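# Per-entry structural report
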Amino acid sequence: MVARAAAALLLVAIAVPMQGRARQEVASEGGGGGGHGPWSPAPVTATADGVWSWFGGARAVQSGDSTYLGWVTTQGDIMVGQINRATGASTSARLYYHLEVDDHTHPALLLHPDGRLSAFFTKHNSFPLMYRTTVNPGDITDWGPLQLYTGDVRFTYPYPVYLSAEQRYYLFWRDWDWGISYATSSDGVAWSAKQPFIRTPQNNPYLKIATNGVDTIALAFTDSHPEIYAMNSVYFAYYRNEAFVRTNGSPIKPVTDGPLTPAEADTVHDAAVTGRRGWIWDMTLDRLGWPVLAYATFPSATDHRYHYARWNGVGWTQRELVAAGGSIDESGDDPYYSGGIAIDRGNPSLVYLSRQVNGAFELERWATADSGATWIFDALTSGSPEKNIRPVVPEGHWPGNVSVLWLRGPYISFLQYATRIVFLNGNQAPLVSAGADQTISSPSQTVSLAGAVVDDGYPTSRLTTWWTQMSGPADARFANRFAPGTSVTLPREGVYVLRLIADDGQDFTFQDVALTRAQSSARQLPTPLPPIILDE
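Anyway, here's the lowdown on the structure attached to this text. (Residues numbered from 1 in each chain as written. Predicted model: local features only at pLDDT ≥ 70, side-chain atom pairs only at ≥ 80, totals over all residues. Heavy atoms only, no water.)

This brings us to the sheet that holds strand 4 (residues 60-63). Here 4 strands make up an open sheet; going across it, the order is 4-5-6-7 and the pairing antiparallel. If you trace the sheet from one side to the other, it starts and ends with strand 4 and strand 7 (90-96), each paired once. Neighbouring strand axes in the sheet, compared pairwise and without regard to direction, differ in orientation by 20 degrees on average. Examined bridge by bridge, strand 5 (residues 66-72) and strand 6 (residues 78-84) share 7 bridges and lie antiparallel to one another. Residue pairing for strand 6: Y68 is matched across the bridge by Q82. (Pairing = 2+ DSSP bridges. Helix = DSSP H or I, 4+ residues; strand = E, 2+ residues; numbered from the N terminus. Axes fitted to C-alpha atoms, helices over the stretch in contact; angles between N-to-C directions.)

And the structure:
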């Protein structure tokens, strides 16, 4: 996404079978094999020709039984699709023919309070910004006329937002001078003149936005592009009541006092401290309205790392999740294009990420039961002959609907691609970790079990978990058979195989763990006899 000099003047997809799919724990390769229940969704193709970037406005949004998504084709056509939750069937509408062959031009979607849908789009670093709005709620077959916003001379990454408390629309974009600007509207049609919003000393900041839809817009941004600036850091602030606010709620300044700068925001990732340049990937707000961020860092251009950062009310808790491999870009022009990571809007303890596994870009689902301290993960694709990249969780996502969409297929550069968009629809089975295999050789017979279970809350919020014994020299005794984290007593020496099972009412998952009680190396000395005293 570095600016170049010229720019400046429904088919079943390949997937891992769910039966027997292994679940693993980040902290250890131990643990037995995993398993799965009989019901499992397979990825479905929403469009055979579609691509998107990861900046700019919502690529997918959910409303009722519909998921709406926007993309640009290999011919540069601007498209919007609609997926029905119950059937998984999809329809599409073409909003503009041959705009530009460039993944930056994908449309940014906005749901209006009355259920109508708008799509904003523009050429990469070009003029004007265009948008169209559906005539009727829930229907993408009938669109109003093309509208233009001409308040700038160069646009990239439009991002529309609506705040119900203000009854006001906001429209953000990257400006002609590479900063972030915005305009407002009371009806989504007539827009104000632009105002500067974020400016950085290095310029060219990259911005991700999340909102509660009521009174707050969350902002995560960088100094610049990691290819341009080696000290590229990640910052956070809120916009609320026409003012910038720090993560802890303390005021920064009114927006009328000028655009936000990195020095005024909170630093989430400090490249000067870590020695790693960073790039923001995704953000959402949890049920308390606190931010959850996903970003990448780069020990080198060929070594990308994913990170998860979460505000706990006092400070940021952070964890490096996993090495992601190198760039998806094959042209050599963009070495910092990672496979991508997306946070589940309905459950920020779930993320979807693309990383290189045995040379292929595969999609995985990762989950945490302790706000990011430890993680378990599930491979959604494996052995893929094509790239699985840039996952997206729809804004407004709720369990049981389309849970994740991603790009599958050849991706050479942002100007050369032949990807299709696939998605998973319906229930996602619980993620289970039984913990690492353990061996004990102490006189104690009790072992702590570090099991973990995370679910998406569908079809109900009730989740049943329990331990059972698969084999062993004697009957293991659980302190609490129905708690993932518990203890177990092993009465005799030998190998015990225990299984942790989780059932969400529609699908179940399990994983085994092997516990070995070895012969204790500590020998019990005989009790000494009392001394014998001879009569003299």
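Moving on from the coordinates now.
Turning to the environment of T274, a few remarks are in order. Among the structural elements, T274 can be located in helix 2 (residues 271-274). Taking the C-alpha atoms as reference points, T274 and P299, separated by 25 residues in sequence, lie 9.3 Å from one another.

Our focus in this paragraph is the sheet that holds strand 15 (residues 195-198). Backbone-to-backbone hydrogen bonds join strands into a sheet, with any given pair of strands oriented parallel or antiparallel. Taken together, the 4 strands give an open sheet; going across it, the order is 12-13-14-15, and neighbouring strands pair in antiparallel fashion. At either end of the open sheet lies a strand with only one pairing partner, and these are strand 12 (156-163) and strand 15. Taken pair by pair, the neighbouring strands of this sheet meet at an average axis angle of 30 degrees, ignoring direction. Here strand 13 (residues 168-174) runs beside strand 14 (residues 180-185); their pairing, made up of 6 bridges, is antiparallel.

Under the criterion given, the structure shown has 34 aromatic pairs. Relative to F155, the ring of Y149 lies with its centre 6.0 Å away and its plane at 70 degrees, an arrangement referred to as edge-to-face. The class of Y149 is buried, set by a relative accessible area of 6%. With a relative accessible area of 0%, F155 lands in the buried category. Joined through ring pairs, the aromatic side chains of W54, F55, Y157, Y206, W279, W281 and Y337 make up one cluster. Above the face of the F377 ring, R355 is positioned so that its terminal group lies 5.7 Å from the ring centre. When the ring centre of F510 is taken as reference, the NZ or CZ atom of R499 above it lies at 3.9 Å. (Phe/Tyr/Trp six-rings, centres within 6.5 Å; stacked < 30°, edge-to-face > 60°. Buried < 20%, exposed > 50% of the residue type's maximum accessible area, 1.4 Å probe, protein only. Lys NZ or Arg CZ within 6 Å of the ring centre and 35° of its normal.)

Within the largest apolar cluster, 76 residues are counted, with the highest numbers of intra-cluster contacts made by L69, L293, L321 and L405. Element by element, the count of residues in this core is highest for strand 23 (residues 291-300), at 6 residues. Counting residues in hydrophobic clusters, the runner-up holds 22 residues, among them F172, Y235, F244 and L260. (Core = buried A, V, L, I, M, F, W, Y, C linked by side-chain atoms within 4.5 Å.)

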